[in-house]
Amino acid sequence: MTSIRDVAAAAGVSIKTVSRVVNKAPNVSEDLRTRVTEAIDRLGYRPNQSARRLAGGRSFMLAFLYNNPTPGYTSAIQVGAANRCRELGYHLVVEPMPLSGDERFEILDRLVAALRPDGVFVAPPLSDDRALLQRLSELDLPCARLAGSLVTESFNIPTPERAAGRMIADHLIELGHRRIGVIAPPADHRAALARVEGFRDGLEAAGIPAGDVRFVPGSFDFDSGLRAGEQLLAGEAPPTAIFATNDAMALGVLTYAHRTGLSVPDDVSIVGFDDTSASATTWPPLTTVRQPLEEMGRAVVDALVGAPDEAPVFRFELVRRESSGPAPTG
């Protein structure tokens, strides 16, 4: 079996230099890093993870804690994070967490005791779970958050949720819509609530009173979108456009429209958020907002491993498809 000494001899460097390259340590010149990497590839060397843990006091594991009823959102972040972990020599542990109660602390304590991860990252709505973030701090676990709004000691990577909500409002208003319905997110999902605030910004800029827009609650799942669709479309003077704050709810509205014989977008335009895989394969394909979810997953791993001074900047994109069109004239 190839040893670290063999790699050092082949590269013409010290064992310490090989160790620093293997552990992604900073302050190694590109020339040395290239020589060591080529020797590792040529000899087929595989670092001993136990030895790495003993030498550096690290487990080379990161934990992703989540609670989100939208599988596409969570899985895309997970894919990006897992790929980045592999590149950096880490392993990713994924753990679903309840939103309330002491059970989530018990889950976290067991996770830390068994695996001793080097850090934890969370996505909305856990990004704003103050009690959970406090427990992570008490455990002295580095934490990085996606789209958090609370001011805490953990590193936060913001996302342009409010600006994206404004984009959707501008899009529908440009199409001539004035009777609009909005399916709001769960109250504990602060990032998604910012989408609603951005939508209100667009209404205000266009001189449309927010009171003229009908807001109904949703739970970020298909069934709540179906129920919201009935609430919004079954009465008199229904909206000519509906903004659902995630794709799952938008697809529920779309299904209700199909069941009741409404044409999309001729009778009602529907817009979602997330650009999940289903949004492009439904009929008609869904206008939505694309988040760079895999890129976000990679960035949050970098935040834990590299401790950046500044958070990365992400760009959300409005994806115009056939589910949105001009407001009906009748």
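Look up: the structure comes first, before these words.
As the structure is a computational prediction, the values presented were derived from the model and not from experiment.

**Student:** Quick question: what am I supposed to make of the overall build of the protein chain here?
**Tutor:** Regarding its fold elements, the protein chain presents 13 helices and 11 strands. With the C-alpha coordinates of the protein chain rotated into their principal frame, the extents come out at 80 × 40 × 35 Å. Accessible surface, the protein chain: about 15,500 Å² in total, of which carbon and sulfur atoms supply 50%. Across the protein chain, the 34 positively charged side chains and the 41 negatively charged ones have centroids separated by 7 Å.

**Student:** Is there a simple way to explain unusual backbone geometry in this structure?
**Tutor:** Peptide bonds are trans in most cases, and residues, glycine excluded, mostly fall at negative phi. Geometrically, the link from Pro124 to Pro125 is a cis peptide bond, its omega value of 5° lying close to zero. Relative to the helices and strands, Pro125 is located in the loop between β3 (119-122) and α7 (130-138). With an omega dihedral of 15°, the bond running from Val264 to Pro265 counts as a cis peptide bond. Mapping Pro265 onto the fold places it in the loop between α11 (247-259) and β9 (269-271). Phi at Arg116 takes a positive value of approximately 45°, unusual for a residue other than glycine. By the element assignment, Arg116 lies in the loop between α6 (103-115) and β3.

**Student:** Would you mind going over empty space enclosed by the protein with me for this structure?
**Tutor:** In this approach a probe as big as a water molecule rolls over the atoms, and the regions it shows empty are the leftover space. Scanning all chains against the criterion turns up one cavity of 30 Å³ or more. Computed from the structure, the largest cavity encloses a volume of approximately 40 Å³. For the lining of the largest cavity, the class distribution of residues is two nonpolar, four polar and two charged.

**Student:** Just checking my understanding: could you explain the pairing of strand β6 (residues 180-184) for this structure?
**Tutor:** Side-chain positions along a regular strand alternate between the two faces of the sheet. A large share of β6 lies buried, amounting to five of its five residues. Neither face of β6 is left uncovered, since the one carrying Ile180, Val182 and Ala184 and the one carrying Gly181 and Ile183 both have all their residues buried. Pairing geometry for β6 and strand β8 (residues 241-244), over four bridges, is parallel. Note on β8: the bridge partner recorded for Val182 is Phe243. Note that the unit made of β6, helix α9 (residues 190-205) and strand β7 (residues 214-217) has a crossover that is right-handed.

**Student:** Where do I start with the sheet that holds strand β4 (residues 143-146) in this structure?
**Tutor:** Adjacent strands of a sheet pair through backbone hydrogen bonds, lying either parallel or antiparallel. If you trace the five strands from one edge of the open sheet to the other, you get β2-β1-β3-β4-β5, paired in parallel fashion. At either end of the open sheet lies a strand with only one pairing partner, and these are β2 (91-96) and β5 (155-157). Taking each pair of neighbouring strands and ignoring which way they run, the sheet shows an average axis angle of 20°. In terms of strand pairing, strand β1 (residues 61-66) meets β2 through six bridges, oriented parallel. Looking at the pairing, Leu65 lines up with Glu95 of β2. This element, helix α5 (residues 71-88), spans β1, β2, β3 and β4 of the sheet and lies at about 155° to β2. Sitting on the sheet, helix α13 (residues 293-306) is in contact with β1, β3, β4 and β5, with an inclination near 155° to β4.

About the criteria used
Every chain is numbered on its own, with residues counted from 1 as its sequence reads. Side-chain atom pairs in this predicted model are given and counted only at pLDDT of 80 or more, local residue features only at pLDDT of at least 70, and totals for whole chains, interfaces and linings cover all residues. For side-chain calculations, the full set of non-hydrogen atoms in the structure is used, while hydrogens and water are omitted. Put simply, DSSP marks the helices as runs of H or I at least four residues long and the strands as runs of E at least two long, and each gets a number from the N terminus on. Using the Shrake-Rupley algorithm and a 1.4 Å probe, accessible areas are obtained, with residue cover drawn only from the displayed protein chains. Charge assignment: positive for Lys and Arg, negative for Asp and Glu; neither His nor the chain ends contribute. Taken as the charge location is NZ of Lys, CZ of Arg, CG of Asp or CD of Glu. Here a cavity is any set of points on a 1 Å grid over the protein atoms alone where a 1.4 Å probe fits but cannot get out, and a pocket is any open set with protein on both sides within 12 Å along at least 5 of 7 lines; a residue lines the site when it has an atom within 4 Å of a point. Grid points are joined across faces, edges and corners, and a volume is the space filled by probe spheres set on the points. Side-chain classes are defined by residue name, with Ala, Val, Leu, Ile, Met, Phe, Trp, Tyr, Cys and Pro counting as nonpolar, Asp, Glu, Lys and Arg as charged, and the others, Gly among them, as polar. Buried residues are those whose accessible area, probed at 1.4 Å on protein chains only, stays under 20% of the maximum for their type, while exposed residues exceed 50% and partly exposed ones sit between those limits. Following DSSP output, two strands are said to pair if at least two bridges run between them. Every crossover in which the path from the first strand over the helix to the second runs clockwise, viewed with the strands pointing away from the viewer, is termed right-handed. Fitted lines through C-alpha atoms give the axes, limited to the stretch in contact for helices. The angle between two N-to-C directions lies from 0 to 180 degrees. Contact between two residues is taken to exist if any of their heavy atoms lie within 4.5 Å; hydrogens are not considered.

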